[in-house]
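If you want the building blocks of each chain, they are given just below.
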Amino acid sequence: MASFITGSIAGEFGKIAGDKEEGEGAAEEEDPEIAEARREQEEERKAKHAKFEAEREQVRQGIRDKYGLKKKVEEEVDPDAGRIGRKKKTPMELQAQQAAAMDDDDDEEEGIVDKMLGYFTPITDKLSNLWK
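Residues numbered from 1 in each chain as written. Predicted model: local features only at pLDDT ≥ 70, side-chain atom pairs only at ≥ 80, totals over all residues. Heavy atoms only, no water.

Comments concerning the overall build of the protein chain
Of regular secondary structure, the protein chain possesses 4 helices and 0 strands. When the helices and strands of the protein chain are listed from N to C terminus, the series reads α-α-α-α. Relative to its 132 residues, the protein chain shows a buried fraction of 2%. Roughly 12,800 Å² of accessible area belongs to the protein chain as shown, and the carbon and sulfur atoms make up 57% of that amount. (Helix = DSSP H or I, 4+ residues; strand = E, 2+ residues; numbered from the N terminus. Buried < 20%, exposed > 50% of the residue type's maximum accessible area, 1.4 Å probe, protein only. Areas by Shrake-Rupley, 256 points an atom, 1.4 Å probe, with all protein chains shown as cover.)

Set out below in C-alpha coordinates:
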(Lines give C-alpha, C1' and ligand atoms only; values in the text may rest on other atoms or scores of the structure.)
Protein backbone atom coordinates (compact mmCIF):
# COMPACT_ATOMS: atom_id res chain seq x y z
CA MET A 1 0.00 0.00 0.00
CA ALA A 2 2.75 2.43 0.93
CA SER A 3 4.68 1.63 -2.24
CA PHE A 4 1.59 2.42 -4.32
CA ILE A 5 1.24 5.82 -2.66
CA THR A 6 4.91 6.72 -3.00
CA GLY A 7 4.93 5.55 -6.62
CA SER A 8 1.93 7.71 -7.51
CA ILE A 9 3.43 10.72 -5.71
CA ALA A 10 6.71 10.29 -7.57
CA GLY A 11 4.80 10.13 -10.85
CA GLU A 12 2.95 13.33 -10.01
CA PHE A 13 6.23 15.11 -9.24
CA GLY A 14 7.54 14.02 -12.64
CA LYS A 15 4.49 15.54 -14.34
CA ILE A 16 4.88 18.77 -12.39
CA ALA A 17 8.55 18.97 -13.33
CA GLY A 18 7.64 18.72 -17.00
CA ASP A 19 8.53 15.11 -17.78
CA LYS A 20 6.61 13.81 -20.79
CA GLU A 21 4.79 10.54 -20.68
CA GLU A 22 5.09 8.04 -23.51
CA GLY A 23 1.94 9.06 -25.39
CA GLU A 24 2.36 12.83 -25.08
CA GLY A 25 5.18 13.23 -27.59
CA ALA A 26 3.17 11.66 -30.43
CA ALA A 27 0.10 13.81 -29.72
CA GLU A 28 2.03 17.06 -30.07
CA GLU A 29 3.24 16.28 -33.60
CA GLU A 30 0.01 16.00 -35.57
CA ASP A 31 -0.17 14.90 -39.19
CA PRO A 32 -1.30 17.71 -41.54
CA GLU A 33 -3.98 15.43 -43.02
CA ILE A 34 -5.42 14.80 -39.57
CA ALA A 35 -5.36 18.52 -38.77
CA GLU A 36 -7.21 19.25 -42.04
CA ALA A 37 -9.79 16.55 -41.27
CA ARG A 38 -10.38 18.01 -37.81
CA ARG A 39 -10.79 21.49 -39.24
CA GLU A 40 -13.33 20.22 -41.78
CA GLN A 41 -15.25 18.37 -39.07
CA GLU A 42 -15.31 21.52 -36.95
CA GLU A 43 -16.66 23.56 -39.89
CA GLU A 44 -19.33 20.92 -40.57
CA ARG A 45 -20.33 20.91 -36.90
CA LYS A 46 -20.62 24.71 -36.83
CA ALA A 47 -22.71 24.69 -40.05
CA LYS A 48 -24.99 22.02 -38.57
CA HIS A 49 -25.52 24.03 -35.38
CA ALA A 50 -26.16 27.22 -37.37
CA LYS A 51 -28.80 25.35 -39.41
CA PHE A 52 -30.50 24.07 -36.24
CA GLU A 53 -30.47 27.55 -34.71
CA ALA A 54 -32.05 29.02 -37.86
CA GLU A 55 -34.81 26.38 -37.68
CA ARG A 56 -35.39 27.17 -33.99
CA GLU A 57 -35.60 30.88 -34.77
CA GLN A 58 -38.25 30.16 -37.44
CA VAL A 59 -40.30 28.22 -34.87
CA ARG A 60 -39.90 31.03 -32.33
CA GLN A 61 -40.98 33.62 -34.90
CA GLY A 62 -44.05 31.49 -35.74
CA ILE A 63 -45.02 31.44 -32.06
CA ARG A 64 -44.45 35.21 -31.78
CA ASP A 65 -46.66 35.82 -34.82
CA LYS A 66 -49.36 33.44 -33.58
CA TYR A 67 -49.65 34.99 -30.12
CA GLY A 68 -48.71 38.57 -31.01
CA LEU A 69 -45.54 38.60 -28.94
CA LYS A 70 -42.66 40.93 -29.60
CA LYS A 71 -39.11 39.75 -29.90
CA LYS A 72 -36.99 40.54 -26.86
CA VAL A 73 -34.52 43.30 -27.57
CA GLU A 74 -31.42 43.16 -25.46
CA GLU A 75 -30.81 46.61 -24.06
CA GLU A 76 -27.35 47.72 -23.19
CA VAL A 77 -27.24 47.86 -19.42
CA ASP A 78 -25.17 50.57 -17.78
CA PRO A 79 -22.68 48.74 -15.53
CA ASP A 80 -22.89 51.56 -12.99
CA ALA A 81 -26.69 51.54 -12.79
CA GLY A 82 -27.84 50.85 -9.26
CA ARG A 83 -24.34 51.26 -7.89
CA ILE A 84 -24.23 52.86 -4.49
CA GLY A 85 -20.55 53.75 -4.37
CA ARG A 86 -18.49 55.73 -6.83
CA LYS A 87 -17.33 54.42 -10.19
CA LYS A 88 -14.03 52.54 -10.10
CA LYS A 89 -11.26 54.31 -11.96
CA THR A 90 -9.43 52.60 -14.77
CA PRO A 91 -5.65 52.29 -14.62
CA MET A 92 -5.36 55.02 -17.28
CA GLU A 93 -7.47 57.40 -15.17
CA LEU A 94 -5.36 56.61 -12.11
CA GLN A 95 -2.13 57.36 -13.99
CA ALA A 96 -3.53 60.64 -15.30
CA GLN A 97 -4.60 61.61 -11.79
CA GLN A 98 -1.17 60.77 -10.36
CA ALA A 99 0.57 62.73 -13.12
CA ALA A 100 -1.65 65.74 -12.43
CA ALA A 101 -0.93 65.45 -8.70
CA MET A 102 2.81 65.34 -9.38
CA ASP A 103 2.55 68.46 -11.56
CA ASP A 104 0.63 70.23 -8.80
CA ASP A 105 3.26 69.22 -6.23
CA ASP A 106 6.05 70.57 -8.46
CA ASP A 107 4.26 73.91 -8.79
CA GLU A 108 3.80 74.15 -5.02
CA GLU A 109 7.46 73.31 -4.38
CA GLU A 110 8.57 75.97 -6.83
CA GLY A 111 6.26 78.41 -5.09
CA ILE A 112 7.82 77.61 -1.74
CA VAL A 113 11.35 78.02 -3.13
CA ASP A 114 10.36 81.32 -4.73
CA LYS A 115 8.92 82.50 -1.42
CA MET A 116 12.08 81.53 0.45
CA LEU A 117 14.25 83.31 -2.12
CA GLY A 118 11.94 86.30 -1.82
CA TYR A 119 12.64 86.41 1.92
CA PHE A 120 16.40 85.88 1.66
CA THR A 121 17.10 88.19 -1.29
CA PRO A 122 16.43 91.46 0.62
CA ILE A 123 18.44 90.20 3.57
CA THR A 124 21.41 89.24 1.39
CA ASP A 125 21.22 92.62 -0.38
CA LYS A 126 21.34 94.45 2.94
CA LEU A 127 24.22 92.32 4.17
CA SER A 128 26.16 92.79 0.96
CA ASN A 129 25.61 96.60 1.26
CA LEU A 130 26.96 96.53 4.82
CA TRP A 131 30.18 94.80 3.84
CA LYS A 132 30.91 97.11 0.96
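Let's pick the thread back up.
A few points about a nonpolar patch on the surface
A grouping of I112, M116, Y119, F120, I123, L127, L130 and W131 is seen on the molecular surface, where their side chains present a nonpolar patch of about 960 Å² in accessible area. The residue M116 is located in helix α4 (residues 91-131) in this model. Judged by its relative accessible area of 40%, M116 is partly exposed. (Patch = residues over 30% accessible without salt bridge, like charges linked within 9 Å, V, L, I, M, F, W, Y side chains within 5 Å. Salt bridge = Lys/Arg side-chain N within 4 Å of Asp/Glu carboxyl O.)

So, the side chain of R64
Within the secondary structure, R64 is located in helix α3 (residues 32-67). Apart from residues lying up to four places away in sequence, R64 is in contact with E57, L69, K70 and K71. (Contact = heavy atoms within 4.5 Å.)

Re the pattern of salt bridges
A full pass over the atoms with the stated rule returns 9 salt bridges. In this structure, the salt-bridge partner of R39 is E43, at a minimum N-O distance of 2.4 Å. Pair noted here: R39 and E43 are both in helix α3, with a separation of 4 residues, about one helical turn. Judged by its relative accessible area of 39%, R39 falls in the partly exposed class. Across the pair E57 and R60 runs a salt bridge whose closest N-O atoms are separated by 3.2 Å. Taken together, the positions of E57 and R60, both in helix α3 and 3 residues apart, correspond to about one turn of that helix. E57 gets classed as partly exposed once you look at its relative accessible area, which sits at 26%. Linked by salt bridges that have partners in common, E53, R56, E57, R60, R64 and K71 make up one network.

Side note on a positive patch on the surface
A contiguous patch of positive charge on the surface is contributed by R83, R86, K88 and K89. Classification of K88 by relative accessible area gives exposed; the value is 62%. (Lys, Arg positive; Asp, Glu negative; His and termini not counted. Charge placed at Lys NZ, Arg CZ, Asp CG, Glu CD.)

Re α3
Compared with the 52 Å implied by 1.5 Å per residue over 36 residues, the 53 Å span of α3 between its first and last C-alpha is a close match. Downstream of α3 by a residue or two, G68 has a phi angle that is positive, lying close to 70 degrees. (Expected span 1.5 Å × (residues − 1).)

Observations regarding the confidence of the model for the protein chain
Considering every residue of the protein chain, the mean pLDDT works out to 78; 70% of them sit at 70 or more. Predicted confidence in the protein chain is weakest over helix α2 (residues 24-28), with a mean pLDDT of 56, and strongest over α3, with 95. (pLDDT = per-residue confidence, 0-100.)

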